[in-house]
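# Geometric and topological summary
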Amino acid sequence: MSADTYESFEWKIPLKRHASGKPEETPETPQHSLRLGVLISGSGSNLQALIDAIENKQLTEAEIALVVSNNANAYGVQRALKHNVPVIYLPWVRHTGTRTGEMPESETRLTALLQLFKVDLIVLAGWMRILSAAFLEQFPQQVINLHPALLPDDGTGHIYTTQDGTQIPVFRGLHAVKQALDAGVKVTGSTVHYVTPEVDAGPVICREEVAIVPGDTEESLHERIKAVEHRLIVEAVRMCKSNI
Ligand code: GRF
């Protein structure tokens, strides 16, 4: 058989067929399920929230087509394996000397994987690598990120106004939970936003405030933020589905 005659298969369980040969639509097999590519680097509790919401039929609009981890030892890899979700370890090579507009090797590999698995929406769920503008241009409005702090509506600027009218700094980058604690603010939160080349600065999809309580440590506060994130990420995927 020549390469041209190979049949092409999709990484998807086929729809049941009616006697007529047409796919049979049931509540379990929604017509256009959003195919998620979830990128992780660590614990993967937000990946777990998506897996649970899909398994419990709270999120019927989406399925996880693929999980990619840049860390072979990430606990999220085990979570995916346990639930029979396709998962791949993609070693990430920090790029040096790439010309402007050119994608580093690791991003080229990631692109090929996302395309092979026909991913519609890329969810950065604790993904600890910055993606280049060249990579992002391939997926306009199709990459979303969870950030453990509050971002303004359009994602830009340095001041956030909380629900009670207080102005607080916008905490971006690493250790955003610690930054909020160190700044002594009373409220922080979590934001799901579209990803733009500028780090933690894309338009907001949804977000929620979390109160900082006396005695909070980075760990205790981050745990409460994550509990909120587990709801937000499901809500954000649903909102993205209705926009695609
Ligand atoms: C989340 O708090 C998210 O906001 C941040 O990384 C954390 C990932 O947690 N970007 P997990 O790996 O999903 O448990």
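The structure we're discussing is the one just above.
All residue numbers refer to position in the chain's written sequence, counted from 1. Reporting in this predicted model follows two pLDDT cut-offs: at least 70 for local features of residues, and 80 or more for side-chain atom pairs to be given and counted; totals over whole chains, interfaces and linings ignore these cut-offs and use all residues. By convention in this description, side-chain values take in all heavy atoms of the structure and omit both hydrogens and water.

## Considering the site of the ligand
Quick reminder of the rule: Nearness is judged by heavy atoms alone; a residue qualifies as near a molecule or strand once a single heavy atom is within 4 Å of it. A 3.5 Å cut-off defines polar contacts: any pair of N or O atoms within that distance qualifies, except that in protein one atom must be a possible hydrogen donor and the other a possible acceptor, and neighbouring residues in sequence count only when both atoms are side-chain atoms. The way it works is that DSSP assigns letters per residue, a run of H or I at least four long becomes a helix, a run of E at least two long becomes a strand, and they are numbered from the N terminus. Three classes are used, and their members are as follows: Ala, Val, Leu, Ile, Met, Phe, Trp, Tyr, Cys and Pro are nonpolar, Asp, Glu, Lys and Arg are charged, and the others, Gly among them, are polar.
Contacts to the ligand come from Ser43, Gly44, Ser45, Asn46, Gly126, Leu146, His147, Pro148, His222, Lys226 and Glu229. In the model, an oxygen atom of the ligand is placed 2.7 Å from a nitrogen or oxygen of the His222 side chain. Of all the secondary structure elements, the ones that give two or more residues to the shell around the ligand are helix 1 (45-55), strand 5 (143-147) and helix 6 (218-243). Tallying contributions element by element places helix 6 first for the shell around the ligand, with three residues. By residue class, the composition of the shell around the ligand is two nonpolar, seven polar and two charged.

## Focus on the side chain of His193
How we decide: In what follows, a contact means two residues having at least one pair of non-hydrogen atoms within 4.5 Å.
Mapping His193 onto the fold places it in strand 8 (residues 187-194). Dropping the residues within four chain positions of it, His193 is found in contact with Val143, Ile144, Asn145, His147, Leu151, Asp200, Ala201, Gly202, Pro203, Val204 and Ile205.

## Considering helix 3 (residues 105-116)
The test is simple: In this analysis, the expected span of each helix is defined as 1.5 Å times one less than the number of residues it contains. Burial classes follow relative accessibility: with a 1.4 Å probe on protein chains only, a residue under 20% of its type's maximum area counts as buried, one over 50% as exposed, and anything between as partly exposed. The arc in question is the one spanned by the directions pointing from the helix axis to the C-beta atoms.
Over its 12 residues, helix 3 extends 17 Å from the first C-alpha to the last, a length consistent with the 16 Å expected when each residue adds 1.5 Å. Considered for burial, the residues of helix 3 that qualify are Ser106, Glu107, Leu110, Thr111, Leu113 and Leu114. Within helix 3, the buried residues cover an arc of 165° as seen down the axis, which keeps them to one side. Each element contacted by the buried residues of helix 3 is listed here: strand 1 (34-40), strand 2 (62-69), strand 3 (87-89), strand 4 (121-124) and helix 4 (133-137). Positive phi appears at Lys118, one or two residues downstream of helix 3, with a value of about 50°.

## Re the side chain of Thr162
With respect to the helices and strands, the residue Thr162 is situated in the loop between strand 6 (159-161) and strand 7 (167-169). Among the residues examined, Thr162 registers a relative accessible area of 6% and is labelled buried. When residues no more than four places from it in sequence are discounted, the contact partners of Thr162 are Ile168, Val187 and Glu209.

## With respect to the sheet that holds strand 5
Note the cut-off: Being paired, for any two strands, means DSSP has found at least two bridges between them. Think of each axis as a best-fit line through the C-alpha atoms, taken over the contacting stretch in the case of a helix, with angles from 0 to 180 degrees between the N-to-C directions.
Spatial ordering of the open sheet is given by 3-2-1-4-5-8-9, a layout of seven strands whose pairing is mixed. Here the strands that pair on one side only, and so sit at the sheet edges, are strand 3 and strand 9 (204-211). Across the sheet, the mean angle separating the axes of adjacent strands is 20° when strand polarity is ignored. Sheet topology places strand 8 next to strand 9; seven bridges connect them, and they run antiparallel. What sits directly across from Val192, in strand 9, is Cys206. Lying on the sheet, helix 2 (residues 75-82) is in contact with strand 1, strand 2 and strand 3; it crosses strand 3 at an angle near 150°. In this fold helix 3 packs onto strand 1, strand 2, strand 3 and strand 4, with an angle of close to 150° to the strand it touches most, strand 1.

## Quick look at the nonpolar core
To keep it simple, the criterion reads: In these notes, a set of buried Ala, Val, Leu, Ile, Met, Phe, Trp, Tyr and Cys residues joined through side-chain atoms within 4.5 Å is what counts as a nonpolar core.
By size, the foremost hydrophobic cluster in this structure holds 49 residues, and its most contacted members are Leu36, Val38, Leu50, Val123 and Ile144. Ranked by residue count, the leading element in this core is helix 6, at nine residues. Apart from the residues within four sequence positions on either side, Ile144 is in contact with Leu121, Ile122, Val123, Leu124, Val192, His193, Tyr194, Val195, Ile205, Ile233, Ala236 and Cys240. Counting residues in each nonpolar core, the second largest holds 19 residues, with Ala65, Leu66, Val68 and Trp127 among its members.

## Things to note about unusual backbone geometry
For Lys57, which is not glycine, the phi dihedral falls at a positive 65°. By secondary structure assignment, the location of Lys57 is in the loop between helix 1 and strand 2. Residue class for Lys57 comes out partly exposed when judged on its relative accessible area of 48%. At Lys118, a position not held by glycine, the phi torsion is positive, near 50°. With respect to the element layout, Lys118 can be found in the loop between helix 3 and strand 4.

## Some points on the pattern of salt bridges
To keep things clear, this is the line we draw: Salt bridge criterion: a side-chain nitrogen from Lys or Arg within 4 Å of a carboxyl oxygen from Asp or Glu.
Under the defined criterion, the tally for this structure stands at seven salt bridges. Residues Glu105 and Arg109 are paired through a salt bridge, measuring 3.0 Å at the closest nitrogen-oxygen approach. With Glu105 and Arg109 both in helix 3 and four residues apart, the pair spans about one turn of that helix. For Glu105, a relative accessible area of 48% puts it in the partly exposed group.

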